Amino acid sequence: MSTDSHSAHGHEHHFAHHFRSAEHEYLTSKEGIWLFMVTEILMFGGLFVGYSIFHNIYPEMFAEGAKSLDWKMGFTNTLVLIFSSLTMALGIYFLQKNQAKKAAMSLAITILCGAIFMVIKYFEYTHKFHLGLFPGRFLDVAKVGAQHANLGMYFGFYYCMTGLHGIHVLLGMGLISWVLFRTVRGDFNSNYYTAVEGVGIFWHIVDLIWIFLFPLLYLVG
Amino acid sequence: MANAAAHGSDKNYLNETSGIWSWLTTLDHKRIGIMYFVTVMFFFLLGGIMALLIRLELMTPGPTIMTADTYNQVMTYHGAIMVFMVIIPGIPAILGNFFLPIHIGAKDVAFPKLNLLSWYCLMAGALLAFSTLFTHKIDTGWTFYTPYSIKTGTSVVTMVIAAFIMGMSSILTGLNFIATVHKLRAPGMTMYRIPLFVWALYSTAILQVLATPVLGITLLLLTMERTFGVGIFDPALGGDPVLFQHFFWFYSHPAVYIMILPAMGIVSEVIATFSRKTIFGYTAIAYSSLGIAGVSFFVWGHHMFVSGQSATAGILFSFITMLVGVPTAIKMFNWIATMYKGSVQMQSPMLFALGFLFLFAIGGVTGIMLAVLPIDVHFHDTYFVVAHFHYVMVGGTLMAIMGGFYYWFPKMFGKMYNEVTARLSFVFIFIGFNVTFFPQFVLGAMGMPRRYFDYIPAYHSLNAISTVGSWLIATGFLIGLYTIINGLTKGEKAPMNPWGGKTLEWTTASPPPHFNFDVEPVITAGPYEYR
């Protein structure tokens, strides 16, 4: 994309040709990110609607399913993600202060938190598989000793919701790696950090969705 | 206003750079619009051929040219192609991409790279969808209703993922347009000075952003259901197959307004220009677009009047569905009021706009009929419904697309088309359309069910008339294709403003320069300052 080259004093950002100023470009990008987040929330919204419908129909089944989840692992993951949201925000804060090194460190810790989250998730999943707690028709009600014949549906929701969320965590880790790389390269400074902020908003939304998933799946019932 | 020709530069977006690679990597919204133009027209050709095959099969009772299985497949692909690859991307992606930034005096859309990405998403989705033609052709109909879509041994998962990717394309276009309208308007271009086409695209974009993700999760759940048997839609596992219909129509009903709102935008432009009159009720037309978009989210239940939902829900959905008629009628009356005492000129774009008014009125009125709960119970899944939605989608959207092509053709390519063949294409499409689909209202009222491969001999003559009509439509579109190709190769050089239009695109060169305007326009008045 062609850019208007303004005087390259210090950290002046070269904004794209169709914007009036760097500020104009920044505000537009931010609106774009937020609009995209609306679509993310609506997509998960479909799952939440399905959850609430079937939770109303089969409250005991959902309670039984929730009992077989390890709330301690889920809670640890919640803490990990909340902490990663903090380090993500710190990354942006340090860039605003032109402290690229500290920013890179914060972003790296954020990625690490994402990885810890996924490792814990991996242990949770493999443990469920080991116990035979598979989704839907793959769950053997007799072998698991389930009270409710439809317990497989609870795990259908569990794997769909946490799985889609997990894919978002992986995507987020990839995106943060990309802005980390660019931070180290020196692309960002107090005048231009739009990409980091955009990725940050994505990461916060992913965390926020987990904060809804955790009580709904692990605690309710 | 800026006049590129006066500056002596003959560089424009078409010859700025050359080579196929410069097109495939372009970030210019006008070129991306042209790329959509070529690809969507190709899909339209494919879908159209399938439509002709369907009609040919239904010309006589009993097997005519294909087996029942093939018929189900052809019908599914016809629907899926026309909905996901032609009518939904059609106007926003082709004409919207090209003219929305120009209409508001911007140099480009807000996110040019995203714009290109959304074209690639559509292409990837389309390729994936067509790949199923070489494996197990799907036969579910474009709605993928459960439980059949879970049980059938065809490539449902591939097709559904293709639709998901194409939905992504739609979302990206939508959010790009919203950000563009909010942030990139030229100085003086207030929201109440943007052309009505932009208002229509803006309302459409809101629908694209708010409705499409719900389709996304619905299709993902269907994929999960097929691969992992999660049980959400499977009654044997405690699920509910009708929930799929609720989710599906929560998107797909607003989606029918994604299809029709941009068409209404084109009609507003064309009628104002060819009546030489300030549009009547600008704000009413603008707000009615938003009104239709808003109401569209609360009417999905009318697709499920006979699915066993509660009577209360049926009555509520029936009432809310009828509400859509209010903003729609506001538009119709305003267009007619605009023509009243105007200097109406019957050029081909105006003919298509009038064709739109006529056909869409029939489509709309029969829509109100179907919204009435007891009438729908009678007409449900008959050819009456088929005729209704073809009157809306084909009679509405495709008429407007053709009108829009002719209206903006001189601006897009800098050449004039042959007015005589353009009018001829209108005559064939308009007459052919009515010959094809009007008998289907009667067939539906007589009780012929939709989607069926065969029918009793009593329905024969009307089906035969309908099939002959489909050949007339095909002739009309072929003449239209000839007009476009002939105009591109042999057309005279177009002036800057052949129709005497007042919106911004007519103040720049034909075809427009790379950055749309040589001097950023400053807007001091509304879009249709005729008299």
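Coordinates for the structure precede this section.
In what follows, the accompanying structure is described. Predicted model only: the values in this text are computed from it and were never measured.

1. Quick notes on the overall build of chain A
What chain A contains, in helices and strands, is seven helices and zero strands. When the helices and strands of chain A are listed from N to C terminus, the series reads α-α-α-α-α-α-α. Projected onto its principal axes, the C-alpha positions of chain A cover 75 × 30 × 25 Å. Evaluated residue by residue, chain A yields a buried proportion of 52% over its 221 residues. For chain A, restricting intrachain contacts to residue pairs at least 6 apart in sequence, the fraction spanning at least 24 positions comes to 74%. About 10200 Å² of surface is accessible on chain A, with carbon and sulfur atoms providing 68% of the total. Taken together, the 13 basic and 14 acidic charged side chains of chain A have centroids lying 7 Å from each other.

2. Re the nonpolar core
Judged by nonpolar contacts, the single largest core of 242 residues is most densely connected at Y154(A), L95(B), W335(B) and F356(B). What Y154(A) contacts, discounting residues up to four positions off in sequence, is M61(A), F62(A), G65(A), A66(A), L69(A) and L217(A).

3. Quick look at the environment of F248(B)
All names here are of chain B. In this structure, F248 sits in helix α8 (residues 241-275). Overall, the relative accessible area of 0% leaves F248 in the buried class. A sequence separation of 195 residues divides F248 from L53, and the C-alpha atoms of the two residues are 28 Å apart. Sequence-distant contacts of F248, defined by excluding residues within four places in its chain, comprise W142, T143, L215 and T218.

4. Focus on empty space enclosed by the protein
Residues and elements named next belong to chain B. The final tally for this structure, using the stated rule, is four cavities of 30 Å³ or more. Contributing to the lining of the largest cavity are F84, I88, P89, L122, A163, M166, G167, S169, S170, T212, L215 and Y251. Listed by contribution, the elements that provide at least two residues to the lining of the largest cavity are α3 (68-103), α6 (156-183) and α7 (196-228). Ranked by the residues each element gives to the lining of the largest cavity, the list is headed by α6, at five residues. Considering only residue class, the lining of the largest cavity consists of eight nonpolar, four polar and no charged. Computed from the structure, the second largest cavity encloses a volume of approximately 60 Å³. For the second largest cavity, the full set of lining residues is L359, V394, G395, L398, M399, M402, I429, F433, I473 and F477.

5. Examining the packing of helix α4 (residues 112-131) of chain B against α6(B)
Residues and elements named next belong to chain B. Orientation of α4 relative to α6, taken along the N-to-C sense of each, is 165°, at an axis distance of 8 Å. With respect to their mutual orientation, α4 and α6 come out roughly antiparallel. Seen from above, α4 lies across α6 with left-handed handedness. Each of L114, N115, L117, S118, C121, L122, A124, G125, A126, L128, A129 and S131 in α4 lies in contact with α6, whose residues at this interface are T158, M159, I161, A162, I165, M166, M168, S169, L172, T173, L175 and N176. The residue inventory of the contact of α4 with α6, partitioned by class, reads 16 nonpolar, eight polar and no charged.

6. Concerning the environment of G198(A)
All names here are of chain A. Tracing the chain through its elements places G198 in helix α7 (residues 194-219). With relative accessibility at 9%, the residue G198 sits in the buried group. In the structure, G198 is positioned 165 residues away from I33 in sequence and 6.0 Å away in space, judged by C-alpha atoms.

The rules behind these values
- Residues numbered from 1 in each chain as written.
- Chains lettered and ligands numbered in written order.
- Predicted model: local features only at pLDDT ≥ 70, side-chain atom pairs only at ≥ 80, totals over all residues.
- Heavy atoms only, no water.
- Helix = DSSP H or I, 4+ residues; strand = E, 2+ residues; numbered from the N terminus.
- Buried < 20%, exposed > 50% of the residue type's maximum accessible area, 1.4 Å probe, protein only.
- Contact = heavy atoms within 4.5 Å.
- Areas by Shrake-Rupley, 256 points an atom, 1.4 Å probe, with all protein chains shown as cover.
- Lys, Arg positive; Asp, Glu negative; His and termini not counted.
- Charge placed at Lys NZ, Arg CZ, Asp CG, Glu CD.
- Core = buried A, V, L, I, M, F, W, Y, C linked by side-chain atoms within 4.5 Å.
- 1 Å grid on protein atoms, 1.4 Å probe; cavity = no way out; pocket = protein on both sides within 12 Å on 5 of 7 lines; lining within 4 Å.
- Points joined across faces, edges and corners; volume = space filled by probe spheres on them.
- Nonpolar A, V, L, I, M, F, W, Y, C, P; charged D, E, K, R; others polar.
- Axes fitted to C-alpha atoms, helices over the stretch in contact; angles between N-to-C directions.
- Parallel < 35°, antiparallel > 145°, perpendicular 65-115°, else oblique.
- Left-handed = near helix turned anticlockwise from the far one by under 90°.

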